[in-house]
Amino acid sequence: MTATLTQASGPAHTRIYAYGAARGENAVPNDDLVGPIDSSDEWIRQRTGIITRTRAVAETTAIDLAAAAAAEAVERSGVSPDDVDAVIVATISNPRQTPSVSAIVADRIGANPAAAYDLNAACAGFAYGVAQADALIRAGAATYAVVVGAEKLSDIVDPADRSISFLLGDGAGAAVIGPSDVPGIGPTVWGSDGSKADAVTMNHTLVDFRDGKAPWPTLRQEGPTVFRWAVWQMVKVARDALDAAGVTAEDLAAFVPHQANMRIIDEFAKQLKLPESVIVGRDIETTGNTSAASIPLATHRLLQEHPELSGGLALQIGFGAGLVFGAQVVVLP
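Residues numbered from 1 in each chain as written. Predicted model: local features only at pLDDT ≥ 70, side-chain atom pairs only at ≥ 80, totals over all residues. Heavy atoms only, no water.

A. Quick peek at the environment of Val-207. If you trace the backbone, Val-207 turns up in helix H6 (residues 206-210). Taking the C-alpha atoms as reference, Val-207 lies 9.9 Å from Pro-217; in sequence the two are 10 residues apart. (Helix = DSSP H or I, 4+ residues; strand = E, 2+ residues; numbered from the N terminus.)

What follows is the structure, given as structure tokens:
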């Protein structure tokens, strides 16, 4: 006789309990960066909307930023660290190939022996992490999960590169996700287009660097290609996420896109025809583009500046290297 397996199942719904944030210690104004790229403060402001960006000191790693953001999210959530049984960190800037950032973060916040793993979905990483935490909890594989987007992009930037160097900042944002009596996280619309992987990429490999064939690998992007893709293709994804959640733009309290570029954010909001009542996250102005950290950092700031958003709906969408994207509607804690 064949034994019957027991298969886990979890709650019907999940929600975000709280956010946490950590930013690099230094505010770096445009004037500090314009020399190597032969540019100006005015040009950077007009092209990107960035006035300053936060960058970490040499001693601070992406792991440190991730742990600080996660600790704040857990404290704000009211969930005991002992009850956190999954930690997911989205990052492209782990200073080591292994061990994972997530395992170290789990230990630092007192969540041992939580399941822990990193994911690499670039600027869509946080949206991917939320999707996975939601699925893990509803499947019964976890009860409470911490999702972190963490980057120290100043480690992988060439100060003389005009395509992306002046955009990038350092920081981490985190969220605690757990069971809910009512739906708090809408279906995720996600995907990728690896055929355009060269649009945002590293210019060399670590192997070539090791073998002396290339300098330290840094990020590069094809700005016009990314702009067109982000504005026209990602608007369709955002609309699909609204449809999947069964809501409209008029139902939103906030719109939190990846903080890639202020021009992209503004055009995005215009194409979505958002009502004036919808508050748009624009954290990029003083934080810069922090890849996987940008959505939770922008949301954390919105909730600090607009506590009345609590309980409202927010559309969040990430998109980036590998033309990877992810979007979902969430109820703000």
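Now that the structure is up, let's keep going.
B. How the structure looks around the sheet that holds strand S4 (residues 84-90). Here we have 5 strands laid out as an open sheet, ordered S1-S7-S6-S4-S5, and mixed in their pairing. Only two strands of the sheet have a single partner each, and these edge strands are strand S1 (13-23) and strand S5 (115-119). Strand after strand, the sheet turns through a mean of 15° between neighbouring axes, direction not considered. Sheet topology note: the S1/strand S7 (residues 170-180) ladder contains 10 bridges and is antiparallel. Along S7, the bridge assignment pairs His-13 with Ser-180. Where helix H5 (residues 125-138) meets the sheet, its contacts fall on S1, S4, S5, strand S6 (144-152) and S7, and the angle it forms with S6 comes to roughly 165°. Packing of helix H10 (residues 294-305) onto the sheet brings it into contact with S1 and S7, and relative to S1 it is tilted by some 90°. (Pairing = 2+ DSSP bridges. Axes fitted to C-alpha atoms, helices over the stretch in contact; angles between N-to-C directions. Contact = heavy atoms within 4.5 Å.)

C. Quick look at the pairing of strand S3 (residues 52-55). Residues of S3 alternate between two faces, with Thr-52 and Thr-54 on one and Arg-53 and Arg-55 on the opposite face, all of them buried. Pairing of strand S2 (residues 26-29) with S3 involves 4 bridges; the strand directions are antiparallel. Note that in S3 the partner of Asn-26 across the bridge is Arg-55. (Buried < 20%, exposed > 50% of the residue type's maximum accessible area, 1.4 Å probe, protein only.)

D. Up close: unusual backbone geometry. Geometrically, the link from Thr-98 to Pro-99 is a cis peptide bond, its omega value of 5° lying close to zero. Note that Pro-99 resides in the loop between S4 and helix H4 (101-108). A cis amide bond, omega 5°, links Asn-112 with the succeeding residue Pro-113. Inspection of the secondary structure assignment puts Pro-113 in the loop between H4 and S5. The backbone of Asp-38 sits at a positive phi, close to 50°, despite the residue not being glycine. Mapped onto the elements of the fold, Asp-38 is located in the loop between helix H1 (34-37) and helix H2 (41-48). Phi at Lys-273 takes a positive value of approximately 55°, unusual for a residue other than glycine.

E. A look at H5. With 14 residues, H5 should reach 20 Å at 1.5 Å per residue; the first-to-last C-alpha distance of 20 Å fits that figure. What H5 keeps buried is the set Gly-125, Phe-126, Ala-127, Tyr-128, Gly-129, Val-130, Ala-131, Ala-133, Asp-134 and Ile-137. In the segment just after H5, Gly-140 is the residue with positive phi, at about 85°. (Expected span 1.5 Å × (residues − 1).)

F. Layout of the pattern of salt bridges. Enumeration according to the criterion identifies 12 salt bridges in this entry. Between Asp-41 and Arg-45 there is a salt bridge whose closest N-O contact spans 3.1 Å. Taken together, the positions of Asp-41 and Arg-45, both in helix H2 and 4 residues apart, correspond to about one turn of that helix. The exposure class assigned to Arg-45 is partly exposed, which follows from its relative accessible area of 40%. Note that Asp-193 and Lys-196 form a salt bridge whose closest N and O atoms lie 3.2 Å from each other. Here Asp-193 falls in the partly exposed class, since its relative accessible area comes to 25%. What you see here is one network of salt bridges that share partners, running through Arg-23, Asp-283 and Arg-301. (Salt bridge = Lys/Arg side-chain N within 4 Å of Asp/Glu carboxyl O.)

G. Geometry of the environment of Phe-255. Along the chain, Phe-255 turns up in strand S11 (residues 254-257). With relative accessibility at 0%, the residue Phe-255 sits in the buried group. Distance from Phe-255 to Gln-316, taken between C-alpha atoms, is 6.2 Å for residues 61 residues apart in sequence. Those residues in contact with Phe-255 that lie beyond four places of it in its chain are Phe-268, Ala-269, Leu-272, Leu-274, Val-278, Ile-279, Val-280, Gly-281, Leu-315 and Ile-317.

H. Highlighting the layout of surface pockets. Empty space within the largest pocket amounts to approximately 770 Å³. In terms of lining residues, the largest pocket is bounded by 25 residues, among which Ile-92, Ser-93, Asn-94, Gln-97 and Met-202 are the most central. At the level of elements, S5 and strand S9 (200-202) are the ones that each hand at least two residues to the lining of the largest pocket. Top contributing element to the lining of the largest pocket by residue count: S9, with 3 residues. Among the residues making up the lining of the largest pocket, the classes are represented as 13 nonpolar, 9 polar and 3 charged. Considered as a void within the structure, the second largest pocket measures approximately 500 Å³ in volume. (1 Å grid on protein atoms, 1.4 Å probe; cavity = no way out; pocket = protein on both sides within 12 Å on 5 of 7 lines; lining within 4 Å. Points joined across faces, edges and corners; volume = space filled by probe spheres on them. Nonpolar A, V, L, I, M, F, W, Y, C, P; charged D, E, K, R; others polar.)

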